[in-house]
Structures are given as C-alpha cells and as structure tokens.
Amino acid sequence: MSTEQVLGQRPPFPTHARIGEGANKVPEVTVYFWIIKVLTTGMGETASDFLAHLLGPIPAVALGGIAFVASLVLQFAVRRYVPWVYWTAIVMVSVFGTMVADVLHVALGVSYTLSTPLFVIALAAVFAIWYASERTLSIHSIRTRRREVFYWAAVLATFALGTAAGDLTASTGLAYLGSIVLFAGAIGLPAIAHRTGALGAVAAFWSAYVLTRPLGASLADWMALSQTRGGLGWGLGPVTVSWAAAILGFVAYLTVTHRDAGTRQTDPLPRQSA
C-alpha cells in the first residue's frame, strides 16, 4: 500500500482544507514502516515504565501528555510528510497511549479483561465516525485536516488497545515470550487474508497495525524485565535507549533516501455541504 500526495486549492471550510499542494502527511507503507512501527511500540512501552519509575506516575503522565500534545501540534503544523516529525509523533503516541492504558489498570483498578474491550469499542467508534464522515478509512486519503484528525485518533486508540491486549495475554499464562509468539503469528493473518482476497486492503492494514503494538510491547518487555517476571533482565533504561537509537537510525536513513515518500495523487475530496 502506498500513501498519496495531494493537489488542489483550499476549499472554504477548514475541516476539509487541503494540507498543502502535493503534500503527503503520512509515509508510504513499506517494510521500513513496519520495522519502525514495531520499534516505536516497544520503545514506548519501556519508556513509559522507565519514566514512571524515575519520576513517579503523576509527573511521568504529565510530562508524557505535554510531549504528546507538542508532537501532534508540530505534526499538524508541517504541510507535508517529514520523517522525524511524523515518527516523533508516533513515539509520543506510543508513550502516552501506554500511560493511558496503565493509568486505567494501576490507578483506577480497571482490569485488562475490561479495558481491552473498552478500547476495542473506542477504536470502532473512531472508525465508524471517520467512515460516516469521509466514506473511507484508507490511509491513502489523509490529505485534509479532518482526515488527519481521524487518522491520529485511530492511531492513539490502536496503541491503547494494543497495550491492554498485550498486558492481558502476558498476565493470563502466556507470559511475554508466549505473547511474542502469539502476536508474531497473528500479525501474518491479515496479510494472508488479503493475499487470498478474504480481506480488503484497508481492513488488512488496520488489523496488522493494531497487532504491531502488543508484538513490539511484548518483545521490549521480554528484553527489559527481570527473569523472575519472565524477561531477560536487560533493564528498562538500556532497552529504551537501544530501541530509540534504532528508530533514529531508520528515520535518518529515510530522511536521506526518501524511500517512504508517496506519489502524487489527485482523487477528489468529499463533497461539502453548504
């Protein structure tokens, strides 16, 4: 799946405003996209836990919330896809999404068996409103401000859902290594279903997108947490730093090579009402 770029004049309503001539606000979906996506999910998981231990839960959530908002403001401010801006926003969504799921469980006592279906409902609601408004959920059409809002709302919901689902499986006997095997196998199912014609491209993409979160988080937790908790015991700090370095390396590569830049597209905007 490739991501489209945009042509056209700005229409009168800001919610339908085109982001910029020839602009493209999301990357093309390549193997680099999926690698970095998994890395951001794992890094967000360990970074959230590391900050909570280092600063305390309340200051960590406050700092994460500020950084999350700032990264999205920057992402919305640029008029085209900029790798470091986009992936910074994804990292902060990962960190903050993890914090939201953890706050529900730790601070409010909401079990993962309850929070997981709640996040499923939240994601379904985002998709339903997005589709009712735009008649598409395709990332090939993120070329107006309103669609960009829907896109990032869906991304945040997928990260929160993935966190809760990953913690749910890890706490029900599979442990972290078992969860890695489970989600690594599950993430291939949407691709197979799409290849065989059983699942459309949009549904396959979002299904895989959701599953990358528990996969990356389970892998990072397995590396970071102590052996008594089923991990390798490498520590939250070292795993966070090493995964962040890997993300920086891939993003720098894409910035130089433009391997994930989409192609120009011209399909029309939804019709506006008076």
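Look above for the structure.
Given the structure is predicted, the values throughout are model-derived calculations rather than measurements. (Residues numbered from 1 in each chain as written. Predicted model: local features only at pLDDT ≥ 70, side-chain atom pairs only at ≥ 80, totals over all residues. Heavy atoms only, no water.)

**Remarks on empty space enclosed by the protein**
Defined as follows: Site definitions follow a grid-based scheme: protein atoms alone, a 1 Å grid, a 1.4 Å probe that fits but cannot get out for cavities, and for pockets an open set with protein on both sides within 12 Å along at least five of seven lines, plus lining residues having an atom within 4 Å of a point. Grid points are joined across faces, edges and corners, and a volume is the space filled by probe spheres set on the points. Going along the chain from the N terminus, every DSSP run of H or I of four or more residues is numbered as a helix, and every run of E of two or more is numbered as a strand. Under the scheme applied here, ten amino acids are nonpolar (Ala, Val, Leu, Ile, Met, Phe, Trp, Tyr, Cys and Pro), four are charged (Asp, Glu, Lys and Arg), and all others, including Gly, are polar.
Per the stated rule, a full pass over the model turns up one cavity of 30 Å³ or more. Put simply, the largest cavity is a space of about 40 Å³. As for the largest cavity, its lining consists of Thr163, Gly166, Asp167, Ala170, Tyr176, Ala217, Ser218 and Asp221. Listing elements by their share of the lining of the largest cavity, those giving two or more residues are helix 5 (145-186) and helix 7 (201-224). A total of five residues in the lining of the largest cavity trace back to one element, the largest contributor, which is helix 5. The residue makeup of the lining of the largest cavity, split by class, is three nonpolar, three polar and two charged.

**Thoughts on the layout of surface pockets**
Space left empty within the atom packing is revealed by a probe, the size of a water molecule, rolled over the atoms. What the largest pocket holds in volume is close to 540 Å³. Asp49, His53, Asp102, Val106 and Tyr112 are the residues nearest the centre of the largest pocket, which is lined by 23 residues in total. For the lining of the largest pocket, the elements supplying multiple residues, two or more each, are helix 1 (31-55), helix 2 (57-77), helix 3 (83-107) and helix 5.

**Regarding the packing of aromatic side chains**
Filter applied, for reference: Working definition: a ring pair exists when centres of Phe, Tyr or Trp rings (six-membered ring for Trp) sit within 6.5 Å. Plane angles under 30 degrees give stacked, over 60 give edge-to-face, the rest tilted. Buried means the residue's accessible area, taken with a 1.4 Å probe over protein chains only, is under 20% of the maximum for its type, while exposed means over 50%, and partly exposed covers the values in between. Note on geometry: a ring has a charge over it if NZ (lysine) or CZ (arginine) is within 6 Å of the ring centre and within 35 degrees of the ring normal.
Going through the model one piece at a time under the given rule, you end up with 20 aromatic pairs. For the ring pair phenylalanine 127 and tryptophan 130, a centre distance of 6.3 Å and an interplane angle of 35° mean the geometry is tilted. With phenylalanine 127 and tryptophan 130 both in helix 4 (residues 112-134) and three residues apart, this pair spans about one turn of that helix. Summarising the burial analysis for this pair, phenylalanine 127 and tryptophan 130 share the class buried. Taking the ring centre of tyrosine 209 as reference, the NZ or CZ of lysine 37 above it sits at 4.2 Å.

**Considering the side chain of threonine 46**
What counts here: Polar contacts here mean pairs of N or O atoms no more than 3.5 Å apart (in protein, one a potential hydrogen donor and the other a potential acceptor; neighbouring residues in sequence count only if both atoms are side-chain atoms). Contact between two residues is taken to exist if any of their heavy atoms lie within 4.5 Å; hydrogens are not considered.
Along the chain, the position of threonine 46 falls in helix 1. Of the polar contacts made by the side chain of threonine 46, one reaches the backbone oxygen of methionine 43; its length is 3.3 Å. In contact with threonine 46, not counting residues within four places along its chain, are Ala220, Asp221, Ala224, Leu236, Val239 and Thr240.

**Brief notes about the environment of lysine 25**
Its location among the elements puts lysine 25 in the loop between strand 1 (4-5) and helix 1. Remark: the alpha-carbon pair of lysine 25 and valine 78, spanning 53 residues in sequence, is separated by 8.2 Å. Polar contacts involving the side chain of lysine 25 include one to the main-chain carbonyl oxygen of glutamine 75, which spans 2.9 Å. Within the local environment of lysine 25, its side chain forms a polar contact with the side chain of glutamate 148, the two groups lying 2.8 Å apart.

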